[in-house]
Amino acid sequence: MFPRKPSLRSAVEPFIAMDVLSAAAKLESEGRNIVHMEVGQPGAPAPAGVLEAARLALQDGRLGYTEALGVRALRQRIARHYGDAYGIDLDPERVAVTTGSSAGFMLAFLGVFDAGARIAMAAPGYPAYRNILSVLGLEAVEIPVGPDTHWVLTPDHLRRAHRETPLSGLLIASPANPTGTMTSPEELEALIVTCNELGIRFISDEIYHGLDFAGRAETALKFSDEAIVINSFSKYYCMTGWRIGWMVLPEYLVRPMECLAQSLYISVPDLSQRAAIAAFDCTPELEAIKAGYARNRALLLERMPKLGFEAIPPADGAFYVYASVARFTNDSTSFARRMLEEGGVAATPGADFDPARGHLTMRFSFAGAEEAMQEGLSRLERWLA
Ligand SMILES: Cc1ncc(COP(=O)(O)O)c(C=O)c1O
């Protein structure tokens, strides 16, 4: 008889935001009303142009496998976006469409790192990075960041970690999840130059581009053709459930990634690809949604400190407020559970983002509707009273 237990490498920590989502859904199925501030997903549906393109694709009748790297029209449209948004002339051959950026990480990590490689990232940071690396036999090197460097990784951090035990990669997100902080173009360039000097691969998670409230985010491609850039239609484009994203790769990685994608996923859903082509032409609608986030952001940044949520990083981009809950608890996980069950507000405990310090923090997403944010704050006020 085989041992009735899962493999050792599948033993990753839960993605707690998703667990909170499940707990909230269970309460909702029992008739409770919950304000959702736990997962980072827009309250708005995909823009009208995307929905129309999807309708047309459905009427067309046939949805099939596509080329593993994505339909050519979409790869071309993504390449054109780099010209429009960043002034970069990008060869569409370097674009690979993926099943959300999540699949992009899987492909990128598999495609460039061998087992045992060490990849640096900021803590707090997005939890799935560490879990994906771990199932692939790679090591996440989490470097604590804080207010002294406005919550971003610096070349000094990198040099120090590399001196201790050599690194193979650096992964950053700007705007970042959960802090919302941004790495400035100068800081980004300095990190890339340091990586090149030390022989460390640079991976740039640009999923929150477009969602900036204090200065534009620059793409890593501006400073290096060697960087691996990962992006998605999930956040700015409001398409989480369509599961579609993309990577921009150095030329020599395109064919290996294609072979991996062929066998791992065959292709990205055809419907989502055809619809996503229209997303880049929906800017007025998407900017109106972003203006709603800006109002939510102002509301939360004004009200949350008054409620006792402290030490909030700048939240210059993305749609999160990451706050200290030290005033209330030293166990944010049970605090979040009570907030959900007693207060009717779902939010994510910091342990998801920072295993070492997250027991004192929580993340609140303000990507929902403005009325929902108002209601969430009123509930928190009542619950904490
Ligand atoms: C920083 C970051 N990267 C990647 C993802 C994954 O998104 P998706 O797979 O929907 O593109 C998320 C989702 O919340 C995220 O916050």
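Rules of the game
Residues numbered from 1 in each chain as written. Predicted model: local features only at pLDDT ≥ 70, side-chain atom pairs only at ≥ 80, totals over all residues. Heavy atoms only, no water. UniProt positions renumbered as here; feature names shortened; annotations may be inferred. Salt bridge = Lys/Arg side-chain N within 4 Å of Asp/Glu carboxyl O. Buried < 20%, exposed > 50% of the residue type's maximum accessible area, 1.4 Å probe, protein only. Helix = DSSP H or I, 4+ residues; strand = E, 2+ residues; numbered from the N terminus. Phe/Tyr/Trp six-rings, centres within 6.5 Å; stacked < 30°, edge-to-face > 60°. Pairing = 2+ DSSP bridges. Contact = heavy atoms within 4.5 Å. Axes fitted to C-alpha atoms, helices over the stretch in contact; angles between N-to-C directions. Near = heavy atom within 4 Å. Polar contact = N/O pair within 3.5 Å; in protein donor to acceptor, adjacent residues only side chain to side chain. Nonpolar A, V, L, I, M, F, W, Y, C, P; charged D, E, K, R; others polar. Patch = residues over 30% accessible without salt bridge, like charges linked within 9 Å, V, L, I, M, F, W, Y side chains within 5 Å. Areas by Shrake-Rupley, 256 points an atom, 1.4 Å probe, with all protein chains shown as cover.

Named according to an unreviewed UniProt entry, the protein chain is aspartate transaminase originating from Rhodopseudomonas julia. Recorded in UniProt for the protein chain, the comment headed Sequence similarities (unreviewed entry) runs: "Belongs to the class-I pyridoxal-phosphate-dependent aminotransferase family." Per its UniProt entry, the protein chain bears the Catalytic activity (unreviewed entry) comment "L-aspartate + 2-oxoglutarate = oxaloacetate + L-glutamate".

Draft legend 1. Quick look at the pattern of salt bridges. In total, this model carries 22 salt bridges according to the counting rule given. Among the ionic pairs, Lys26 bridges to Glu30, the shortest N-O distance being 3.0 Å. By relative accessible area, Lys26 is classed as exposed at 53%. Residues Arg130 and Glu142 are paired through a salt bridge, measuring 3.0 Å at the closest nitrogen-oxygen approach. Taken together, the residues span a long stretch of sequence, with Arg130 in helix α5 (residues 127-135) and Glu142 in strand β4 (residues 139-144) at a distance of twelve residues. Taking relative accessible area as the criterion, Glu142 reaches 30% and is therefore assigned partly exposed. Salt bridges here are not isolated pairs; linked through shared partners, they connect Glu67, Arg72, Arg75 and Glu93.

Draft legend 2. Local environment of the packing of aromatic side chains. Enumeration according to the criterion identifies 22 aromatic pairs in this entry. Ring geometry for Phe109 versus Phe113: centroids 6.4 Å apart, planes at 40 degrees, classification tilted. There is no split in this pair, since Phe109 and Phe113 are both buried. Relative to Phe280, the ring of Tyr237 lies with its centre 5.3 Å away and its plane at 70 degrees, an arrangement referred to as edge-to-face. Placement of the pair is Tyr237 in the loop between β7 (228-232) and β8 (245-248) and Phe280 in the loop between α9 (270-276) and α10 (283-307), with a sequence separation of 43 residues. Each member of the pair Tyr237 and Phe280 is classed as buried. The structure contains a cluster of three or more aromatic residues connected by ring pairs, namely Phe15, Phe105, Phe109, Phe113, Tyr126 and Tyr129.

Draft legend 3. Region of interest: the pairing of β7. Summarising burial for β7: five of the five residues are buried, a large majority. A two-sided burial pattern is seen for β7, the buried positions comprising Ile228, Ile230 and Ser232 on one face and Val229 and Asn231 on the other. Of the pairings in the sheet, the one linking strand β6 (residues 201-205) to β7 comprises three bridges and is parallel in character. Its bridge partner being in β7, Ile203 is matched across the sheet by Ile228.

Draft legend 4. Structural detail: the sheet that holds strand β11 (residues 348-349). Reading across from one edge, β9-β12-β11 is the order of the three strands in this open sheet, with antiparallel pairing throughout. With partners counted over all chains shown, the strands left at the sheet margins are β9 (320-324) and β11, one partner each. Bridging between β11 and strand β12 (residues 361-365) involves two bridges; their strand directions are antiparallel. Bridged to Pro349 within β12 is Met362. The strands touched by helix α11 (residues 332-343) are β11 and β12; relative to β12, the strand with the most contacts, the crossing angle is about 40 degrees.

Draft legend 5. View of the site of the ligand. Neighbouring residues of the ligand: 14 residues in total, closest Ser102, Tyr208, Ser232, Ser234 and Lys235. Between the ligand and the protein, one listed contact pairs an oxygen atom with a backbone N or O atom of Ser101 at 2.8 Å. Residue Tyr208 places a side-chain N or O atom 2.6 Å away from an oxygen atom belonging to the ligand. Per element, the largest residue contribution to the shell around the ligand is four residues, and it comes from helix α4 (residues 100-112). Each residue belonging to the shell around the ligand can be placed in one class, and the counts come to five nonpolar, six polar and three charged.

Draft legend 6. Geometry of the sheet that holds β4. A sheet is described by the order of its strands in space; here seven strands give the open sequence β2-β8-β7-β6-β5-β3-β4, paired in mixed fashion. Either end of the sheet is taken by a strand with one partner, and the two such strands are β2 (95-98) and β4. When the angles between neighbouring strand axes are averaged without regard to direction, this sheet yields 20 degrees.

Draft legend 7. Local environment of a nonpolar patch on the surface. Residues Leu110, Leu264 and Tyr265 make up a contiguous nonpolar surface patch of roughly 230 Å² in combined accessible area. As for its placement among the helices and strands, Tyr265 is situated in the loop between α8 (251-264) and α9. Residue class for Tyr265 comes out partly exposed when judged on its relative accessible area of 32%.

Draft legend 8. Up close: the side chain of Thr149. Considering the arrangement of structural elements, one finds Thr149 in the loop between β4 and α6 (155-164). Beyond its immediate stretch of four places on either side in the chain, Thr149 contacts Thr154 and His157.

Draft legend 9. Structural detail: the UniProt feature "domain: Aminotransferase class I/classII large" (unreviewed entry) in the protein chain. Within this numbering scheme, the UniProt entry marks residues 37-379 as carrying the feature "domain: Aminotransferase class I/classII large" (unreviewed entry). The span residues 37-379 is 41% helical and 14% strand by assignment, and the distance between its end C-alpha atoms comes to 12 Å.

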